[in-house]
Amino acid sequence: MLKFMMILLFGFVALNASTYSVCETERADVQKAKEAVELILLNEPTNTTCMLQLANIYLKQGKIAKGFEILVDAYSIDPHNVQDSPILSVLPFALKVTNLKKQANQTNDKELWNKLGDGYYEMGIFNEAILMYKKSLQVDETQQNIRLKLALSLQKNCQTYSAIEELKKILAKDNQNVYANYYLGKILAYDIKNIEEAVGFFTKAKQSLIAQKASLTYLDYTNLLSELAKELKE
């Protein structure tokens, strides 16, 4: 889904007036194109064609939240222009995310931050997922499942040692946490290449899993047990 969405984001909007030719074609130097579009918008803040161009640039740069905000602003000014643009396909998600973020900022509700984090995580936008999960943990730092999601987002965003730190925070509160032990073992084994230490966490995860069997579904239990057996070469 993310790959399909990102392909769509490469489309640029054609302009009718030569005054806005800077917005017509994709520039090799994206930063210069961004600066040129922003300069136009300083004088014409409701120029939705250039707003769409700027949103497109942000999306291509991976600055998804900023791109979504500009896209939604353009839609509020001229919905017809947005409906004719190549990035129309991402508008529904942009509207949903922007509205949800507005509510979360107003209420500081951890559940809203979590929904945003989950949405970004599922789309593979891990830098934004990290921000949302951190916002949630600022409201309630006892959410161990959210801290686990934060750790996984950090790992997928190549922030390996920050991910390890978050997993160790979970284990400091609950050293029997199956998933924290398991994922810490995975990071140590495959990112850090510390097999010996990883085995210790895999072993702890297996012991905790067996002890907590009654609290897990049969499928979750058997799948994780199988994975741990592979890691421990049993």
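A quick note: this is a predicted structure, and the numbers were derived from the prediction, not measured.

Calculation notes
- Residues numbered from 1 in each chain as written.
- Predicted model: local features only at pLDDT ≥ 70, side-chain atom pairs only at ≥ 80, totals over all residues.
- Heavy atoms only, no water.
- Helix = DSSP H or I, 4+ residues; strand = E, 2+ residues; numbered from the N terminus.
- Buried < 20%, exposed > 50% of the residue type's maximum accessible area, 1.4 Å probe, protein only.
- Contact = heavy atoms within 4.5 Å.
- Axes fitted to C-alpha atoms, helices over the stretch in contact; angles between N-to-C directions.
- Parallel < 35°, antiparallel > 145°, perpendicular 65-115°, else oblique.
- Left-handed = near helix turned anticlockwise from the far one by under 90°.
- Nonpolar A, V, L, I, M, F, W, Y, C, P; charged D, E, K, R; others polar.
- Polar contact = N/O pair within 3.5 Å; in protein donor to acceptor, adjacent residues only side chain to side chain.
- Expected span 1.5 Å × (residues − 1).
- Phe/Tyr/Trp six-rings, centres within 6.5 Å; stacked < 30°, edge-to-face > 60°.
- Core = buried A, V, L, I, M, F, W, Y, C linked by side-chain atoms within 4.5 Å.
- Salt bridge = Lys/Arg side-chain N within 4 Å of Asp/Glu carboxyl O.

### Quick word on unusual backbone geometry
Peptide bonds are, in most cases, trans, and in most cases residues other than glycine have a negative phi.
Step number 1: In this structure, Asn108 is a non-glycine residue whose phi angle is positive, near 55°.
Step number 2: Looking at where Asn108 falls in the secondary structure, it is placed in the loop between helix H6 (91-107) and helix H7 (110-122).
Step number 3: On the basis of relative accessible area, Asn108 is assigned to the partly exposed category, the value being 43%.
Step number 4: Even without glycine at this site, Lys193 takes up a positive phi of about 65°.
Step number 5: Its location among the elements puts Lys193 in the loop between helix H11 (178-190) and helix H12 (195-211).

### A few points about the environment of Leu100
Step number 1: With respect to the element layout, Leu100 can be found in helix H6.
Step number 2: Taking C-alpha positions, Leu100 is 7.2 Å from Leu116, a pair spaced 16 residues apart along the chain.
Step number 3: Among all residues touching Leu100, those that are not within four sequence positions of it are Leu112, Lys115 and Leu116.

### Digging into the packing of H11 against helix H13 (residues 218-231)
Step number 1: Relative orientation of the contacting elements H11 and H13 amounts to 30°, with a least axis distance of 12 Å. Classified by the interaxial angle, the pair formed by H11 and H13 is roughly parallel. The hand of the H11/H13 crossing is left-handed. From H11, Val178, Tyr179, Tyr182, Lys186 and Tyr190 reach across to H13, where they touch Asp220, Leu224, Glu227, Leu228 and Glu231.
Step number 2: Residues belonging to the contact of H11 with H13 are distributed by class as follows: six nonpolar, no polar and four charged.

### Topic: the side chain of Glu166
Step number 1: Following the sequence through the fold, Glu166 ends up in helix H10 (residues 160-173).
Step number 2: Side chain to side chain, Glu166 and Arg147 meet in a polar contact 2.7 Å long.
Step number 3: Beyond its immediate sequence surroundings of up to four residues, Glu166 is in contact with Arg147, Leu150, Ala151 and Leu154.

### Here we look at H7
Step number 1: Taking 1.5 Å of rise per residue, the 13 residues of H7 would be expected to cover 18 Å, and the 18 Å separating its terminal C-alpha atoms lies within 8% of that figure.
Step number 2: The complete set of buried residues in H7 reads Leu112, Trp113, Asn114, Leu116, Gly117, Gly119 and Tyr120.
Step number 3: On the buried face of H7, the contacting elements are helix H4 (64-77), H6, helix H8 (126-139) and helix H9 (144-156).
Step number 4: At the N-terminal end of H7, a side-chain oxygen is found 2.8 Å from the backbone nitrogen of Glu111, two or three residues along, and the residue is Asp109.
Step number 5: Residue Gly124 follows H7 closely and has a positive phi angle near 80°.

### Overview of the packing of aromatic side chains
Step number 1: Within the structure shown, the criterion is met by four aromatic pairs.
Step number 2: Seen in terms of ring centroids, Tyr182 and Tyr183 are 5.0 Å apart; in terms of plane orientation they differ by 65°. Their pairing is edge-to-face.
Step number 3: Residue Tyr183 is classed as partly exposed on the basis of its relative accessible area, which comes to 27%.

### Considering the nonpolar core
Step number 1: Counting 62 residues, the largest nonpolar core has Phe68, Leu71, Tyr120 and Leu167 as the members making the most contacts within it.
Step number 2: When near neighbours in sequence (up to four residues on either side) are disregarded, Tyr120 contacts Ile64, Ala65, Phe68, Val97, Ile125, Glu128, Ala129 and Met132.

### Some thoughts on H6
Step number 1: With 17 residues, H6 should cover 24 Å at 1.5 Å per step; its first-to-last C-alpha distance of 24 Å lies within 8% of that length.
Step number 2: Where H6 is concerned, the buried positions are Leu91, Ala94, Val97, Leu100 and Ala104.
Step number 3: After H6 finishes, the residue Asn108 shows a positive phi value of roughly 55°.

### Brief notes about the packing of H7 against H9
Step number 1: Relative orientation of the contacting elements H7 and H9 amounts to 30°, with a least axis distance of 11 Å. As for the relative orientation of H7 and H9, their crossing is left-handed in sense. From H7, Asn114, Asp118 and Tyr121 reach across to H9, where they touch Ile146, Lys149, Leu152, Ser153 and Lys156.

### Regarding the pattern of salt bridges
Step number 1: This model, assessed by the stated rule, comprises nine salt bridges.
Step number 2: In this structure, Lys34 and Glu38 form a salt bridge, with 3.0 Å as the shortest nitrogen-oxygen distance. Of this pair, Lys34 and Glu38 both sit in helix H2 (residues 30-43), four residues apart, which is roughly one turn of that helix.
Step number 3: The exposure class of Glu38 is partly exposed, given its relative accessible area of 26%.
Step number 4: Among the salt bridges present, the one from Lys186 reaches Glu231, with a minimum N-O distance of 3.1 Å. Of this pair, Lys186 sits in helix H11 while Glu231 sits in helix H13; the two residues are 45 residues apart in sequence, bridging distant segments of the chain.
Step number 5: We classify Lys186 as partly exposed; its relative accessible area is 24%.
Step number 6: Take Glu231: its relative accessible area is 14%, and that puts it in the buried class.

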